[in-house]
Amino acid sequence: MVVTECQKQYGARHTEDFPHMLIYSLPAPFYMDRPTDHARARAVVIAGLQRLESMGVDFIAMPCNTAHTYYKELAASIRVPLLNIVTEACASLRAFQRIAVCATETTVNSGLYQTGIAGAGKEFVPTDGVQGKVSELITGIVAGRERAQMRALWNEFVEAAVDQGADALLVACTELNALGYLEDTRIKIADATAALARATVRKYREGSARPHVAAD
């Protein structure tokens, strides 16, 4: 998504047109079938952020919605800017009014998106009755279960959001991007990960190492 945004935002075409990026895949202790040990999870993510900072990065984008439950503590633990996926996602909802959110139970229970959507002047549409389907869906994607079964669970959630009168569905769990194309004729789909990717490239373009596009 970041590569695509570079192509869109400033016309990157050649290999040297793109940013230097350090991508750190951090195995954090978030589970769908048991309560989160928040102290342990927060400590693991902070250690990961500090490791990236020690490598000399200018800023960090963290494409994990659930980890943003600890955003204030995480941002305070490092000296470089940490982008906020919730802020960026909610800012992308200008064209919509009633928003359902597809996210982990931890993210939903944290109230992050309820607060962000209300702050953007929008209405949060609860889908409590199908949260179990979301948990099953995310668990199945991580475990590599059969794609058609995962698509069926996704469709059940979309139907529930439509039935509740939402005019947009915000995908707020990075794992769901593994399903591939998420557009739907029944409802508009907004993507928190895509919003963060756009913000990442905007932030890069604001920095001292401004993008250089090589001549053909």
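Structure: above.
Residues numbered from 1 in each chain as written. Predicted model: local features only at pLDDT ≥ 70, side-chain atom pairs only at ≥ 80, totals over all residues. Heavy atoms only, no water.

*Asks:* In this structure, what is going on with the packing of aromatic side chains? I would like to understand it.
*Replies:* The way to describe two aromatic rings as a pair is by their centre distance and the angle between their planes. All chains considered together, the criterion is met by one aromatic pair. Their ring planes at 50° and their centres at 6.2 Å tell us that Y10 and Y204 sit as a pair that is tilted. Of this pair, Y10 sits in helix α1 (residues 2-10) while Y204 sits in helix α9 (residues 192-206), and the two are 194 residues apart along the sequence. The residue whose ring lies beneath R34 is Y31, and the NZ or CZ to ring-centre distance is 3.9 Å. Above the plane of the ring of Y70 lies R42, whose end atom (NZ or CZ) is 5.4 Å from the centre. (Phe/Tyr/Trp six-rings, centres within 6.5 Å; stacked < 30°, edge-to-face > 60°. Helix = DSSP H or I, 4+ residues; strand = E, 2+ residues; numbered from the N terminus. Lys NZ or Arg CZ within 6 Å of the ring centre and 35° of its normal.)

*Asks:* What's the story with the packing of α1 against α9 in this structure? I'm lost.
*Replies:* Two quantities define a packed helix pair, namely the angle between the axes and the distance from one axis to the other. At a minimum axis separation of 9 Å, α1 and α9 run at an interaxial angle of 55°. In terms of axis orientation, α1 runs oblique to α9. Note on packing geometry: the crossing formed by α1 with α9 is right-handed. Where α1 approaches α9, its residues V2, E5, C6, Q9 and Y10 are matched on the opposing element by A197, R198, T200, V201, R202, Y204 and R205. Its residues assigned to classes, the contact of α1 with α9 shows six nonpolar, two polar and four charged. (Axes fitted to C-alpha atoms, helices over the stretch in contact; angles between N-to-C directions. Parallel < 35°, antiparallel > 145°, perpendicular 65-115°, else oblique. Left-handed = near helix turned anticlockwise from the far one by under 90°. Contact = heavy atoms within 4.5 Å. Nonpolar A, V, L, I, M, F, W, Y, C, P; charged D, E, K, R; others polar.)

*Asks:* How should the environment of E146 be read in this particular structure?
*Replies:* Position of E146 among the secondary structure elements: in the loop between α7 (131-143) and α8 (147-163). Looking at E146, the relative accessible area reads 48%, which means it is partly exposed. Each C-alpha atom of the pair E146 and Y10 lies 38 Å from the other, and the pair is 136 residues apart in sequence. Side-chain polar atoms of E146 contact the backbone nitrogen of Q149, separated by 3.0 Å. (Buried < 20%, exposed > 50% of the residue type's maximum accessible area, 1.4 Å probe, protein only. Polar contact = N/O pair within 3.5 Å; in protein donor to acceptor, adjacent residues only side chain to side chain.)

Take it as geometry only, folks, not as evidence of what the structure does.
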